[in-house]
Amino acid sequence: MAKYMVIGDCHLTDPERAPLNRKGHWTEELFAKLEFIVELAKKNKCDAILQNGDLYHLPSYSANSVALIQRTHDVLTSAGIPVIIVPGNHELRHLNVDDDLPKHALGALGRMEGIELISKQSSILSDVYGIPYLQDWSTLPTWIDEYNAYREEHPEIERGIIITHASLFPRKDEPIYDFIADEDLADMLKYPTTVMHGHLHFSQGARTYDEVEIINYGAISRGSLHKETINRKPQVYIYNTATGKHKTYNIPVKPPEEVFILELHELEKERTEKLTEFLSGLDTDSSGVVTSVEQMVEHVTTTQDVSSDVKVLVSELLDFAQEK
């Protein structure tokens with residue numbers, strides 16, 4: 001039995017690539033959070049750290065200094081326990097794990113001692129299975145079939161853990177853009193499983209469907225000037241495999257007025273409203289209407305009719321429009 005520290009999206013980057021809306025030092029503040037989290041894992045005698053993707057904000061070597069990658073390694077491994085990471089969309093330039101990771105920042109980190117990047121089962125922790133951000137989420141049933149087959153081969157695992165970077169929502173909370181319904185995922189899973197996911201920066205808490213539990217407590221970073229982001233209290237949680245329970249912990253953060261240039265908030269609102277007005281006329285595949293920048297990002301990056309390069313470009317432009 002084990003205890004795992006679980007961390008959501010971080011979006012680490014060098015200072016010169018930090019969001020434009022910051023007063024404080026984005027990089028230093030994120031590392032301070034990671035140091036607090038790792039110390040918390042050490043204090044609670046955790047057996048490993050699990051990170052649910054988007055550890056880095058930008059994928060390529062050229063966008064991340066060697067010093068940043070080395071410091072990430074040193075901080076994350078300072079507790080002397082394994083660190084297991086699943087790739088997110090911000091770390092996959094062309095959304096292809098096999099092609100992207102060997103030549104990108106997260107791939108370099110994954111080649112360092114104490115760090116394991118996973119796509120499918122972990123070689124360190126038999127109960128942990130990774131599903132990275134997928135270019136085509138219609139392939140998810142195939143991934144789950146392979147997970148179910150793995151569980152069948154390992155009956156000693158009482159409850160498996162999937163860490164993934166996926167847009168998961170209960171049906172009652174379904175957004176207008178493409179997503180995976182909690183209920184559909186739960187129906188695919190044949191064995192007791194806890195699914196720990198990232199990608200969505202706000203907290204959704206824990207949702208239970210028979211023997212499947214789905215958990216997301218949001219990002220540890222606060223990158224944009226949206227009201228809910230400014231007021232959000234970043235959290236991590238420790239999952240205990242012996243009890244199947246988890247405990248959340250608030251991460252110490254500075255007051256918004258010490259971190260954000262709040263004067264930009266009104267400007268950001270005006271710019272977003274103008275962009276939203278333009279986007280409101282764009283129909284989605286689900287016969288709905290795109291009504292926010294966030295929905296447009298999700299719509300463009302998940303549609304099958306847009307090339308990978310265009311998806312990345314549009315996502316980055318829309319991210320910039322939100323001062324991320």
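Refer to the structure printed above.
Just so it is clear, the structure is predicted and the values come from calculations on it, not from any experiment. (Residues numbered from 1 in each chain as written. Predicted model: local features only at pLDDT ≥ 70, side-chain atom pairs only at ≥ 80, totals over all residues. Heavy atoms only, no water.)

J.: Could you clarify how one ought to interpret the overall build of the protein in this entry?
T.: In terms of regular secondary structure, the protein is built from 11 helices and 14 strands. Put simply, the protein has 324 residues, and 57% of those count as buried. Accessible area for the protein stands at about 14400 Å²; split by element, carbon and sulfur atoms hold 52% of it. (Helix = DSSP H or I, 4+ residues; strand = E, 2+ residues; numbered from the N terminus. Buried < 20%, exposed > 50% of the residue type's maximum accessible area, 1.4 Å probe, protein only. Areas by Shrake-Rupley, 256 points an atom, 1.4 Å probe, with all protein chains shown as cover.)

J.: Would you explain the packing of aromatic side chains in this entry?
T.: The relative placement of two aromatic rings is captured by the distance of their centres and the angle of their planes. Under the criterion given, the structure shown has 7 aromatic pairs. Measuring from centroid to centroid gives 5.8 Å for Y133 and W137, while their planes differ by 90°, and the two rings are edge-to-face. We classify Y133 as buried; its relative accessible area is 3%. Assessed through its relative accessible area of 18%, W137 is described here as buried. Through pairs of rings, three or more aromatic residues link up here, namely F169, Y177, F179 and F202. The cationic tip of K120 hangs over the ring face of W143; the distance from NZ or CZ to the ring centre is 5.3 Å. (Phe/Tyr/Trp six-rings, centres within 6.5 Å; stacked < 30°, edge-to-face > 60°. Lys NZ or Arg CZ within 6 Å of the ring centre and 35° of its normal.)

J.: In this structure, what is going on with the pattern of salt bridges? I would like to understand it.
T.: Any two side chains of opposite charge can pair, given that their charged atoms come close. The final tally for this structure, using the stated rule, is 6 salt bridges. Between K254 and E29 there is a salt bridge, and its shortest N-O distance comes to 3.6 Å. Taken as a pair, K254 in the loop between β14 (245–250) and α8 (256–259) and E29 in helix α1 (residues 26–43) lie far apart in primary sequence, 225 residues in all. Take K254: its relative accessible area is 44%, and that puts it in the partly exposed class. Linking R171 and D184 is a salt bridge whose minimum nitrogen-to-oxygen distance equals 2.6 Å. Highlighted residues: R171 in the loop between β8 (168–169) and β9 (180–181) and D184 in helix α6 (residues 182–188), separated in sequence by 13 residues. Residue classification places D184 among the partly exposed residues on the basis of a relative accessible area of 34%. (Salt bridge = Lys/Arg side-chain N within 4 Å of Asp/Glu carboxyl O.)

J.: It is not clear to me how the sheet that holds strand β4 (residues 115–117) should be interpreted in this structure. Could you clarify?
T.: Ordered by their spatial adjacency, 6 strands build an open sheet running β4-β3-β2-β1-β13-β14, and the pairing between neighbours is mixed. Among the strands making up the open sheet, the edge pair consists of β4 and β14. Each strand of the sheet is rotated relative to its neighbour by a mean of 25°, with strand direction disregarded. In the sheet, strand β1 (residues 3–7) pairs with strand β2 (residues 48–51) via 4 bridges, with the strands oriented parallel. Bridging across to β2, I7 finds its partner in Q51. Helix-sheet contacts for α1 involve β1, β2, β13 (235–240) and β14, and the interaxial angle to β1 is about 170°. (Pairing = 2+ DSSP bridges. Axes fitted to C-alpha atoms, helices over the stretch in contact; angles between N-to-C directions. Contact = heavy atoms within 4.5 Å.)

J.: What's the story with unusual backbone geometry in this structure? I'm lost.
T.: Trans peptide bonds make up the majority, and among non-glycine residues the majority have a negative phi. One non-glycine residue with positive phi stands out, namely D54, at about 55°. Secondary-structure assignment places D54 in the loop between β2 and α2 (66–76). Exposure remark for D54: the relative accessible area of 1% places this residue in the buried category.

J.: I keep staring at the pairing of β13 and nothing clicks. Help me out?
T.: Across a regular strand the side chains alternate sides, sitting on one face of the sheet and then on the other. Buried residues dominate β13, accounting for 5 of its 6 residues. Relative to β13, β1 runs antiparallel, the two sharing 4 bridges. Each residue of the ladder has a partner; that of M5, found in β13, is I238. Bridging between β13 and β14 involves 6 bridges; their strand directions are antiparallel.

J.: Quick question: what am I supposed to make of the environment of I230 here?
T.: When you line up the elements, I230 lands in helix α7 (residues 227–231). For I230, a relative accessible area of 10% corresponds to the buried category. For the pair I230 and E257, spaced 27 residues apart in the sequence, the C-alpha separation amounts to 9.2 Å.

J.: Help me understand the sheet that holds strand β5 (residues 120–121) in this model?
T.: Strand pairing in a sheet relies on backbone hydrogen bonds. The paired strands run either parallel or antiparallel. Spatially, 6 strands are ordered β5-β6-β7-β10-β12-β11 in an open sheet, and the strand pairing comes out mixed. With one partner strand each, in any of the chains shown, β5 and β11 (205–209) form the two edges of the open sheet. The sheet contact formed by strand β10 (residues 193–197) and strand β12 (residues 212–216) spans 4 bridges and is parallel. When the bridges of β12 are listed, T194 appears paired with E213. Packing against the sheet, helix α5 (residues 140–153) makes contact with β5, β6 (128–131), β7 (160–164) and β10, and its axis sits at approximately 165° to β6.

J.: Please explain the side chain of T164 as it appears in this structure.
T.: Locating T164 in the fold gives a position in strand β7. Reaching out from T164, the side chain makes a polar contact with the backbone oxygen of I131 at a distance of 2.6 Å. Among residues more than four places away in sequence, those in contact with T164 are N52, V86, I131, P132, W137, V195, M196, H197 and G198. (Polar contact = N/O pair within 3.5 Å; in protein donor to acceptor, adjacent residues only side chain to side chain.)

J.: How should α1 be read in this particular structure?
T.: One turn of an α-helix holds 3.6 residues; hence residues three or four places apart share an orientation. Between its terminal C-alpha atoms α1 stretches 26 Å, which fits the 26 Å expected from 18 residues at 1.5 Å a residue. Buried within α1 we find W26, T27, E29, L30, F31, K33, L34, I37, V38, L40 and A41. Lining the buried residues of α1 we find β1, β2, α2, β13, β14 and α8. Positive phi appears at K45, one or two residues downstream of α1, with a value of about 55°. (Expected span 1.5 Å × (residues − 1).)

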